[in-house]
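# Summary of the model geometry
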Amino acid sequence: MKAQKVGKMAIFSVGAVLFSAHAGGGFATGNQANTYYVGIGWTGIVSAIIAMLLLILTMREAMVMYNQRNLTSAKELFENLYHPFDKLEILFEIFFNIMVLMAVAAAISGAASALQQYFGFNYYACVVAVGIVVLCLTIFGANVVRMASTYMGMAILVTAIVIYGMGIMKGQNIGAILANDFTVNGFMNMPKAILNAFTYAGFQCVTLPTIVACGAILPDRKSCSKAMWISFVMNAVALVLSVLMLISWKSVYGETTLPTLTSLNAMNANWMVVVYGICLLLCLISTAVTTTFGFVARFENIRVLKNVENPVKKRIIVSAFIIIVSMTISLAGLTNIIKYGYGYCGYLAIAIIIVPFLTVGVYKNYHTKSVEVKEGVEVYENN
């Protein structure tokens, strides 16, 4: 690894990547926060903070191992993590591929739910319509949508934070609600809060390949730590604000699929409803398109398609397959996808990503010794 300094902006940008990846459609709808945190009262705040802490610590160890050993892919990273049981890296491949399908399904379901709530369209018709749009964009306009996705994510993030601030001020007295919950339940929900924190951090680990690739510019453990602590502050603040707002409006939105939108409607802020709706829909669709496109790039050259010479036809076949599977999953509804699909993937990630990186990964990273330095390049002795 090159022994070089890295600027503050580079460190910040790596932290911001994890922030943007977390603050996607599932976060912006409020469904994730409502599913994992709101129902457990004041311990939900603690759970959200623990989840973000687990996530950034896991990502830090992954980046350190990736950079120390000059790795080039997530496959190599997990082979190093599991060594001498290298073949176990297939467990991450299984987790990642299932989570990609879940993420596309959640995006399609969320977009369909938004169209249904805004315009009263039939949910299943909306699922089909959104699936067709995603298919077309994946084949013909993925590059444009991919470039725009970052801006859409930031737009919905800013909009959501404004909504959280408004919601906390206009909602029920959040201090009184939390105090009452503590009086009634005490620490009874703490075990569930800890499990939910691990689960939430677990399914967010689907972003790990992107984070380690972006974090390759960070030369040492110290810079990786700085980037992740910046990300922790950004993610924890945004997530805790969303949980506080949703707790204060729980009596209004009830069991709805889009808690943030329903709460916003109750605030009588029509301009915000329009802005939020546009950003939410674009964010969800762009998430589905970019995720599908990445999946297509990974599988369009598989042996089954070797006789299909036209690359556009290959993309159509793979995209159609993925979208049809995701559309089928999306019929279960956004809440069920996040509760069960994300939930079970989160359980798997606890065992194969979080615990290994925070135990074996920490040990290997600290015991990987620099044995030689030549011309500013450190050569590591890997265990």
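Let us look at the structure shown here. Worth saying up front: this structure is predicted, and the values here are computed from it rather than measured.

A word on the overall build of the chain. In terms of regular secondary structure, the chain is built from 17 helices and 2 strands. For the chain, the C-alpha radius of gyration of 21 Å lies close to 21 Å, the compact-globule estimate for 383 residues. Dimensions of the chain along its principal axes, counting C-alpha atoms only, are 65 × 60 × 35 Å. For the chain, the proportion of its 383 residues judged to be buried stands at 52%. Here the contacts in the chain between residues at least 6 apart in sequence split such that 81% fall between residues at least 24 apart. Of the roughly 17100 Å² that the chain leaves accessible, carbon and sulfur atoms contribute 67%.

Further remarks concern the packing of helix H1 (residues 8-22) against helix H12 (residues 221-248). With their axes 8 Å apart at the nearest point, H1 and H12 run at an angle of 35° to one another. For the pair H1 and H12, the sense of crossing is right-handed. When H1 is examined against H12, the residues Ile-11, Phe-12, Val-14, Gly-15, Ala-16, Leu-18, Phe-19 and His-22 are found in contact with a partner set consisting of Ser-223, Lys-226, Ala-227, Met-228, Ile-230, Ser-231, Met-234, Asn-235, Ala-238 and Leu-239. The class makeup of the residues in the contact of H1 with H12 is 12 nonpolar, 5 polar and 1 charged.

On to unusual backbone geometry. Omega for the peptide link from His-83 to Pro-84 comes to 15°, which places this bond in the cis form. Mapped onto the secondary structure, Pro-84 falls in the loop between helix H5 (74-82) and helix H6 (90-119).

Attention shifts here to the environment of Phe-119. Counting through the fold element by element, Phe-119 comes out in helix H6. For the pair Phe-119 and Lys-87, spaced 32 residues apart in the sequence, the C-alpha separation amounts to 50 Å.

Take the environment of Ile-323 next. Locating Ile-323 in the fold gives a position in helix H16 (residues 311-330). Classification of Ile-323 as buried rests on a relative accessible area of 2%. The residues contacting Ile-323, other than those within four sequence positions of it, are Ile-108, Gly-131, Val-134, Leu-135 and Thr-292.

Throughout the structure, instances matching the rule amount to 20 aromatic pairs. Between Tyr-36 and Tyr-200 the ring centres are 6.0 Å apart and the planes differ by 75°, which places this aromatic pair in the edge-to-face class. Residue Tyr-36 is found in helix H3 (residues 31-36), and its partner Tyr-200 is found in helix H10 (residues 190-204); the two are separated by 164 residues along the sequence. The two residues Tyr-36 and Tyr-200 agree in class, both being buried. One aromatic cluster in this structure is built from Phe-78, Tyr-82, Phe-92, Phe-95, Phe-96 and Phe-357.

A few words now on the layout of surface pockets. By volume, the second largest pocket is sized at about 470 Å³. Taken together, 21 residues form the lining of the second largest pocket, with Asn-34, Thr-35, Tyr-36, Lys-192 and Lys-339 sitting closest to its centre. Counting only elements with at least two residues in the lining of the second largest pocket, the list comes to H3, H10 and helix H17 (334-366). If one sorts the elements of the lining of the second largest pocket by residue count, H17 sits on top with 6 residues.

With that settled, consider H12. Over its 28 residues, H12 runs 40 Å from end to end, which matches the ideal 40 Å to within 8%, given 1.5 Å per residue. Taking burial as the measure, the 28 residues of H12 include 21 buried ones, the bulk of the element. Its side-chain oxygen 3.3 Å from the backbone nitrogen of Lys-222, Asp-220 forms the N-cap of H12.

All chains considered together, the criterion is met by 4 salt bridges. Across the pair Lys-250 and Glu-255 runs a salt bridge, and its minimum N-O distance is 3.9 Å. Given a relative accessible area of 71%, Glu-255 falls into the exposed group.

A separate point is the packing of helix H9 (residues 174-185) against H12. One can describe the packing of H9 onto H12 by two numbers: an axis separation of 9 Å at closest approach and a directional angle of 85°. Here H9 lies roughly perpendicular to H12, going by the angle between them. In this structure, H9 uses Ile-174, Ile-177 and Leu-178 to contact H12, whose residues at the interface are Leu-244, Ile-247 and Ser-248. Along the lines of polarity and charge, the residues of the contact of H9 with H12 split into 5 nonpolar, 1 polar and no charged.

It is worth spelling out a nonpolar patch on the surface at this point. A cluster of nonpolar side chains, namely Leu-195, Tyr-340, Tyr-344 and Tyr-347, defines an oily patch on the protein surface of about 440 Å² accessible area. Looking at the nonpolar patch element by element, the count peaks at 3 residues for H17. Turning to its location among the elements, Tyr-340 is positioned in helix H17.

The rules behind these values
Residues numbered from 1 in each chain as written. Predicted model: local features only at pLDDT ≥ 70, side-chain atom pairs only at ≥ 80, totals over all residues. Heavy atoms only, no water. Helix = DSSP H or I, 4+ residues; strand = E, 2+ residues; numbered from the N terminus. Rg over C-alpha atoms; globule rule 2.2 N^0.38 Å. Buried < 20%, exposed > 50% of the residue type's maximum accessible area, 1.4 Å probe, protein only. Contact = heavy atoms within 4.5 Å. Areas by Shrake-Rupley, 256 points an atom, 1.4 Å probe, with all protein chains shown as cover. Axes fitted to C-alpha atoms, helices over the stretch in contact; angles between N-to-C directions. Left-handed = near helix turned anticlockwise from the far one by under 90°. Nonpolar A, V, L, I, M, F, W, Y, C, P; charged D, E, K, R; others polar. Phe/Tyr/Trp six-rings, centres within 6.5 Å; stacked < 30°, edge-to-face > 60°. 1 Å grid on protein atoms, 1.4 Å probe; cavity = no way out; pocket = protein on both sides within 12 Å on 5 of 7 lines; lining within 4 Å. Points joined across faces, edges and corners; volume = space filled by probe spheres on them. Expected span 1.5 Å × (residues − 1). Polar contact = N/O pair within 3.5 Å; in protein donor to acceptor, adjacent residues only side chain to side chain. Salt bridge = Lys/Arg side-chain N within 4 Å of Asp/Glu carboxyl O. Parallel < 35°, antiparallel > 145°, perpendicular 65-115°, else oblique. Patch = residues over 30% accessible without salt bridge, like charges linked within 9 Å, V, L, I, M, F, W, Y side chains within 5 Å.

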